[in-house]
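Given next are the chains, with one letter for each unit.
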Amino acid sequence: MIETDALVIGAGPVGLFAVFELGLQGVAAQVVDVLEEAGGQCIALYPDKPIYDIPGVPVCTGRELTHKLLQQIAPFKPGMHLGQQVNALERQPDGRWLVSTTRFQQPAQQFLTHTVIIAAGVGAFVPKELRVDGFGEFLGQQAFYRFAPPAACAGKHVVIVGGEDEAVANALTLATTGPNQAKSVTLLHRRDVLQASSDQLTKLAALREAGRINFVAGQITTVHTTDGVLSSVAVTTPDDQTLYLPMDTLLICLGISPKLGPVAQWGLEMERKQLCVSVDTFATSAPGIFAVGDVITYPGKKKLIVSGFHEATLAAFAAAALIHPEASTVLQYTTSSALLQQRLGVKPMGNA
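Treat the numbers as computed from the prediction; the structure is a model and nothing was measured.

### Digging into unusual backbone geometry
- Its identity as a non-glycine residue notwithstanding, Asp 240 has a phi of 65°, on the positive side.
- As for its placement among the helices and strands, Asp 240 is situated in the loop between β15 (229-236) and β16 (242-246).
- In the Ramachandran plot, Phe 282 falls in the positive-phi region, its phi being about 60° despite a non-glycine side chain.
- By relative accessible area, Phe 282 is classed as buried at 1%.

### Quick look at the sheet that holds β15
- What the three strands build is an open sheet, ordered β14-β15-β16; its pairing is antiparallel. Looking at strand neighbours, the two that pair on one side only are β14 (219-226) and β16, the edges of this open sheet. Averaged over all neighbouring strand pairs, the angle between strand axes comes to 25°, with direction disregarded.

### Describing helix α4 (residues 165-175)
- Considered for burial, the residues of α4 that qualify are Ala 167, Val 168, Asn 170, Ala 171, Leu 172, Leu 174 and Ala 175.
- The elements touched by buried residues of α4 are β11 (157-161), β12 (184-189), α5 (198-209) and β17 (249-252).

### Observations concerning the pattern of salt bridges
- Applying the stated criterion to the full structure yields nine salt bridges.
- Between Asp 94 and Arg 96 there is a salt bridge, with its nearest N and O atoms 2.8 Å apart.
- Arg 208 is paired through a salt bridge with Asp 192; the nearest N and O atoms lie 3.8 Å apart. Residue Arg 208 is found in helix α5, and its partner Asp 192 is found in the loop between β12 and α5; the two are separated by 16 residues along the sequence.
- The network of salt bridges with common partners includes Glu 3, Asp 94 and Arg 96.

### A short note on the nonpolar core
- One finds Leu 22 and Ile 118 to be the most contacted residues of the largest nonpolar core, which totals 62 residues.
- Here the element with the most residues in this core is helix α6 (residues 305-323); it accounts for nine residues.
- Leaving out residues up to four positions away in the same chain, Leu 22 has contacts with Ala 6, Val 8, Val 27, Ala 29, Ile 117, Ala 316 and Ala 319.
- In this structure, Phe 144, Ile 160, Ala 171 and Ala 182 belong to the second largest nonpolar core, which totals 24 residues.

### Section: helix α3 (residues 62-73)
- Across its 12 residues, α3 extends 17 Å between first and last C-alpha, which sits within 8% of the 16 Å expected from 1.5 Å per residue.
- Restricting attention to buried positions, one finds in α3 the residues Gly 62, Leu 65, Thr 66, Leu 69 and Ile 73. End-on view of α3: buried residues confined to an arc of 100°, all on one side of the axis.
- In the core, the buried residues of α3 are packed alongside α1 (13-24), α2 (41-44), β3 (50-51), β4 (60-61) and α6.

### Topic: the packing of aromatic side chains
- Evaluation of the coordinates by the stated rule reveals five aromatic pairs.
- Taken together, a centroid distance of 5.5 Å and an interplanar angle of 70° make the contact between Phe 282 and Tyr 298 edge-to-face. Of the two residues, Phe 282 is situated in the loop between β20 (274-276) and β21 (289-291) and Tyr 298 in the loop between β22 (296-297) and α6; the sequence distance between them amounts to 16 residues.
- Through a chain of ring-to-ring contacts, three or more aromatic side chains come together here, namely Phe 17, Phe 20, Phe 76 and Phe 309.

### Examining the packing of α4 against α5
- Interaxial distance between α4 and α5 falls to 10 Å at its minimum, and their mutual angle equals 45°. Our classification of the angle between α4 and α5 gives oblique. Considering the relative orientation of α4 and α5, their crossing is left-handed. Where α4 approaches α5, its residues Asp 165, Val 168, Ala 169, Leu 172 and Ala 175 are matched on the opposing element by Gln 200, Lys 203, Leu 204 and Leu 207.

### So, the environment of Gly 39
- Inspection of the secondary structure puts Gly 39 in the loop between β2 (29-33) and α2.
- With a relative accessible area of 0%, Gly 39 lands in the buried category.
- Sequence-wise, Gly 39 and Gly 211 are 172 residues apart; in three dimensions their C-alpha atoms are separated by 37 Å.

### Points about the environment of Val 14
- Topologically, Val 14 is positioned in helix α1.
- Assessed through its relative accessible area of 13%, Val 14 is described here as buried.
- Residues Val 14 and Gln 200 lie 186 residues apart in sequence; the distance between their C-alpha atoms is 32 Å.
- In this view, Val 14 contacts Ala 119, Val 292, Gly 293, Ile 305, Gly 308, Phe 309 and Ala 312; residues no more than four positions away in its chain are not counted.

### Some points on the sheet that holds β11
- Strand order across the open sheet formed by five strands is β10-β17-β11-β12-β13, with parallel pairing between neighbours. Edge positions in the sheet fall to β10 (143-145) and β13 (214-217), since each has one partner strand and no second. When the angles between neighbouring strand axes are averaged without regard to direction, this sheet yields 20°.
- Pairing geometry for β11 and β12, over five bridges, is parallel. Residue Val 159 lies in a different strand from β12, and its bridge partner there is Thr 186.
- Where α4 meets the sheet, its contacts fall on β11, β12 and β17, and the angle it forms with β11 comes to roughly 165°.

### Structural notes on the pairing of strand β5 (residues 79-82)
- Side-chain alternation along β5 places Gly 79 and His 81 on a buried face and Met 80 and Leu 82 on a face that remains uncovered.
- Bridge count for β2 against β5 is four bridges, and the pairing is parallel. Pairing of Val 31 across the sheet is with Met 80, part of β5.

Basis of the calculations
- Residues numbered from 1 in each chain as written.
- Predicted model: local features only at pLDDT ≥ 70, side-chain atom pairs only at ≥ 80, totals over all residues.
- Heavy atoms only, no water.
- Helix = DSSP H or I, 4+ residues; strand = E, 2+ residues; numbered from the N terminus.
- Buried < 20%, exposed > 50% of the residue type's maximum accessible area, 1.4 Å probe, protein only.
- Pairing = 2+ DSSP bridges.
- Axes fitted to C-alpha atoms, helices over the stretch in contact; angles between N-to-C directions.
- Contact = heavy atoms within 4.5 Å.
- Salt bridge = Lys/Arg side-chain N within 4 Å of Asp/Glu carboxyl O.
- Core = buried A, V, L, I, M, F, W, Y, C linked by side-chain atoms within 4.5 Å.
- Expected span 1.5 Å × (residues − 1).
- Arc of directions from axis to C-beta.
- Phe/Tyr/Trp six-rings, centres within 6.5 Å; stacked < 30°, edge-to-face > 60°.
- Parallel < 35°, antiparallel > 145°, perpendicular 65-115°, else oblique.
- Left-handed = near helix turned anticlockwise from the far one by under 90°.

If you want it as structure tokens, here you go:
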């Protein structure tokens, strides 16, 4: 268990800026995000599209904005816990919150925190589900979404479902010689048209030609078990034939989509699937829990990154006041405060 003063749920731009503002107030933070890298929507949906409305930055891509924000929070050394989804949040007798996460559909981490800032955007970007009866009981053991632990693939017969970049990238990685190389790799997609980069497709063609990756066009209709172990999948091809693919591990890469997910189960006041907050502190209906960004609603709310930065600032000040009620409330500025400059790791102005 990790004990912390603040836990930020969501590593998109608004969540990352909340980490920065917390750091300025002397509050160290841990960060959890369901994606495998920071950036939220900016990385998941438009990493290379230009953004024009960030103050002082005429234009930048989603990836560039994420990189700059990560640089900005680096002095505060936040704990980053990526590829994990928060699934439970429980108030403790001492007023702190016990937060639990999962990874690969299995328990991953627990945090005991004084405050929580929810910066979940439009929701957690969760994998699109494979809707086939019977395979759900094997999630986290032989079936995985998007990524699988190396031990589940090394030396195993792996079937990868999907036809876009992520599926192709996984196939290339698992077919490459190394300690984590699979015994066999089969890429399964509903049709023989893949949406991946030209470089990936060139590598895939070479590995298919060499017999190191098999490709099958079709869709899984049923899964089969042997002695309680997932052993094969039945696939219906475009010409209505049925194939049986033996396998040890099933990796589903059908893309991701945002879902509000467990947030709706935490007992917080909501309106139209968005969290209700106080506009002076961005506190939710639960003590010690704040929310910012696209996950919230209030009169006049605008779903803009710049609005989220403002919300994150006020939420961080309010969280810091709860954690350190004895601290001075005098507003300090990074241009003139030696304390803030020390926290940022920069040399105070005027010093040699």
